[in-house]
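# Coordinate inspection notes
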Amino acid sequence: MIPSDDTIAAIATASGAAGLAVIRVSGPDALACADAVFVGSVRLRAAASHTLHHGWAVWPASDRPARPAFSDASGSSAHRSDEPADRLDEVVAAVFRAPRSYTREDVVEISCHGGALPARRILAALLAARARLARPGEFTLRAFLNGRLDLVQAEAVADLIQAETERARALALSQLSGELSVRLEALEERITDALSEVEARVDFAEDVGGIEVPEHVVQAIESVDADLAAMLAGAALARAVREGVRVPLVGRPNAGKLSLFNALLGEARAIVTPLPGTTRDRVSEAIEIAGVRVTLSDTAGMRDARDPIEALGVERTRAALADASVVVWVVDGATALESADREMAGELNGARVIVALNKCDLPGAVDQSEIAGMLNGSASRVVPLSAMRGDGLAALREALAEALGADRSEGGALAVSNARHVEALERAREALGRACVAAGAGDPGEIVALELRDALFASGEVTGREVGEDVLDRIFGRFCIGK
């Protein structure tokens, strides 16, 4: 995945019909490659950085006679192909000279008409001009390797592209702007200060009165650990904002799961019938709750299945329960609880459950305390509602936001949203904890210094200061081609 010094090209915009498409070229020969396919009033190699140039994209032909100059309507000198058939599209070329570009290399971005064919033909022409097709994420990888972005910012580029809620966009943008990187750099400086003092005491023990780690250094290490703990406190919510969560609707047949599913979506996405067992598979749609993308799934009712297809649906319901952060248990509040409800309560043991007590527009037959007792305290909230009339839907959304923690403002803690970052910072905390224990036990300073170096290494994995090629392959391999 580590790029060489060759020149790469790729389509940087999504496929499909659109007003414009952009093909990006980056590398030492980017201007020469672009010149081979661009015909305009000036050669791009002679153009100033951050300038736009109108012209035509043409197929390169090294054996074609030199194109004669002519004057356009404005009187400017221009070049044109001897053969109009060589023209691929009318384009605008943007020139960005190193190091003032996205990759800190020479970059040309060619804007053509949208649609599948124009961009593909221009890309093919650039490849014929000896550019190489970029790998997924290779432009951003080059930006990282050339020092324009650290690894947190590079990953935030992908998060920003994939963000589907305003809260996810704001989170990605804060990381792209360097908020998390700055905070980590400040913490690393404090660890480095502690490490420097410990190592100085080891090297000059006779001058400073021994190799024991002084109390103020231990306190400094504990302070960094506390700040890391505060940063990680909101990691679960931040990850939910970044990645979204899945919330299955479960319950016995005819409890109203389909009706509630449609009511939350605001449209008749699933077919509702009075016949039990009509849901054979999960039907999923996404909604936004307090800035978190919540994928609701209407699941098959939990009962003894009457045919193999329904049985497969029930097994998929159990699989959905195992993966869910929060479960909405839909209970028919107009019908007395049955053995199937008690079996469902057993299935939900240990899960985070919101009980949607449905059909509250009808005479009630279920006591809320009885439901809570069946769940042994797993129910975070019991919400009476009517899926048919819409009563209680706002309260259910509020309960979902509360269960996800999305009703709270975590401030800067939201910056740690990536599972890789969380794992690395937790290892940093473990190393800091071991350093404090070693210092408290009067162990030699060398041991404390070793633990502090481990903490710095783990933190450096987040920003990319300490990272291997395999990690870069995994991270940038998830990017789209052209980014």
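Bear in mind that the values here come from a model prediction, so they are computed numbers and not experimental data.

The rules we used
Residues numbered from 1 in each chain as written. Predicted model: local features only at pLDDT ≥ 70, side-chain atom pairs only at ≥ 80, totals over all residues. Heavy atoms only, no water. Phe/Tyr/Trp six-rings, centres within 6.5 Å; stacked < 30°, edge-to-face > 60°. Buried < 20%, exposed > 50% of the residue type's maximum accessible area, 1.4 Å probe, protein only. Lys NZ or Arg CZ within 6 Å of the ring centre and 35° of its normal. Helix = DSSP H or I, 4+ residues; strand = E, 2+ residues; numbered from the N terminus. Contact = heavy atoms within 4.5 Å. Salt bridge = Lys/Arg side-chain N within 4 Å of Asp/Glu carboxyl O. pLDDT = per-residue confidence, 0-100. Core = buried A, V, L, I, M, F, W, Y, C linked by side-chain atoms within 4.5 Å. Axes fitted to C-alpha atoms, helices over the stretch in contact; angles between N-to-C directions. Parallel < 35°, antiparallel > 145°, perpendicular 65-115°, else oblique. Nonpolar A, V, L, I, M, F, W, Y, C, P; charged D, E, K, R; others polar.

## Notes on the packing of aromatic side chains
All chains considered together, the criterion is met by two aromatic pairs. Taking the centre distance of 5.2 Å and the plane angle of 40 degrees together, the rings of Phe476 and Phe479 count as tilted. Judged by its relative accessible area of 0%, Phe476 is buried. What makes Phe479 buried here is its relative accessible area of 7%. Cluster of aromatic residues (ring-pair linked, three or more members): Phe144, Phe476 and Phe479. Of note, Arg87 hangs over the ring of Trp56, and the distance from its end group to the ring centre comes to 4.5 Å.

## What to know about the environment of His54
Within the secondary structure layout, His54 lies in strand S4 (residues 51-58). Distance in space between the C-alpha atoms of His54 and Ala93 is 6.5 Å, their sequence separation being 39 residues. In this structure His54 touches Phe38, Gly40, Ser41, Glu90, Val91 and Val92, once residues within four positions along its chain are discounted.

## Regarding helix H3 (residues 138-145)
It helps to recall that an α-helix has 3.6 residues per turn; residues three or four apart then point in one direction. Across the eight residues of H3, seven count as buried, placing the element largely inside the fold. When H3 is considered as a whole, its buried residues turn out to be Glu138, Phe139, Thr140, Leu141, Arg142, Ala143 and Phe144. Against strand S1 (8-11), strand S2 (20-26), strand S9 (132-133), helix H4 (151-162), helix H16 (445-463) and helix H17 (469-476) lie the buried residues of H3. Just downstream of H3 lies Gly147, where phi reads positive at about 85 degrees.

## As for the pattern of salt bridges
In this structure the tally under the stated criterion is 28 salt bridges. Close ionic contact of Arg420 with Glu155 constitutes a salt bridge, the shortest N to O distance being 2.8 Å. Placement of the pair is Arg420 in helix H15 (residues 419-440) and Glu155 in helix H4, with a sequence separation of 265 residues. For Arg293, the salt bridge is made with Glu164, and the minimal N-O distance between the two is 2.2 Å. Pair noted here: Arg293 is in strand S12 (residues 292-298) and Glu164 is in the loop between H4 and helix H5 (166-176), with a separation of 129 residues, a long-range link. Judged by its relative accessible area of 53%, Glu164 is exposed.

## So, the confidence of the model for the protein chain
Counting all residues, the mean pLDDT for the protein chain is 84, and 82% of those residues have values of 70 or more. Here strand S5 (residues 69-71) stands out as the element of the protein chain with the lowest mean pLDDT, 42, in contrast to strand S8 (residues 107-113), whose mean of 97 is the highest. Overall, residues 270-275 carries pLDDT values under 50, and its contacts beyond four positions in sequence, including any with other chains, amount to eleven contacts. Counted against residues more than four places away or in other chains, residues 277-281, with its pLDDT under 50, gives 15 contacts.

## Regarding the nonpolar core
It is characteristic of soluble globular proteins that their nonpolar side chains tend to be buried jointly. With 36 residues, the main nonpolar core has Ile221, Leu228, Leu432, Val448 and Leu452 as its most contacted residues. Secondary structure elements with two or more residues in this core: helix H6 (179-203), helix H8 (215-233), H15 and H16. In this structure Ile221 touches Ala194, Leu432, Ala435, Cys436, Val448 and Leu452, once residues within four positions along its chain are discounted.

## Structural notes on the packing of H5 against helix H9 (residues 235-243)
When two helices pack together, their arrangement is given by the angle between their axes and by how far apart the axes lie. Two elements in contact, H5 and H9, have axes separated by 8 Å at closest approach and are oriented at 110 degrees. As judged from the angle between their axes, H5 and H9 are roughly perpendicular. Seen from H5, the contacting residues are Arg167, Ala168 and Leu171; seen from H9, they are Leu237, Ala238, Val241 and Arg242. Looking at the contact of H5 with H9 residue by residue, the class counts come to five nonpolar, no polar and two charged.

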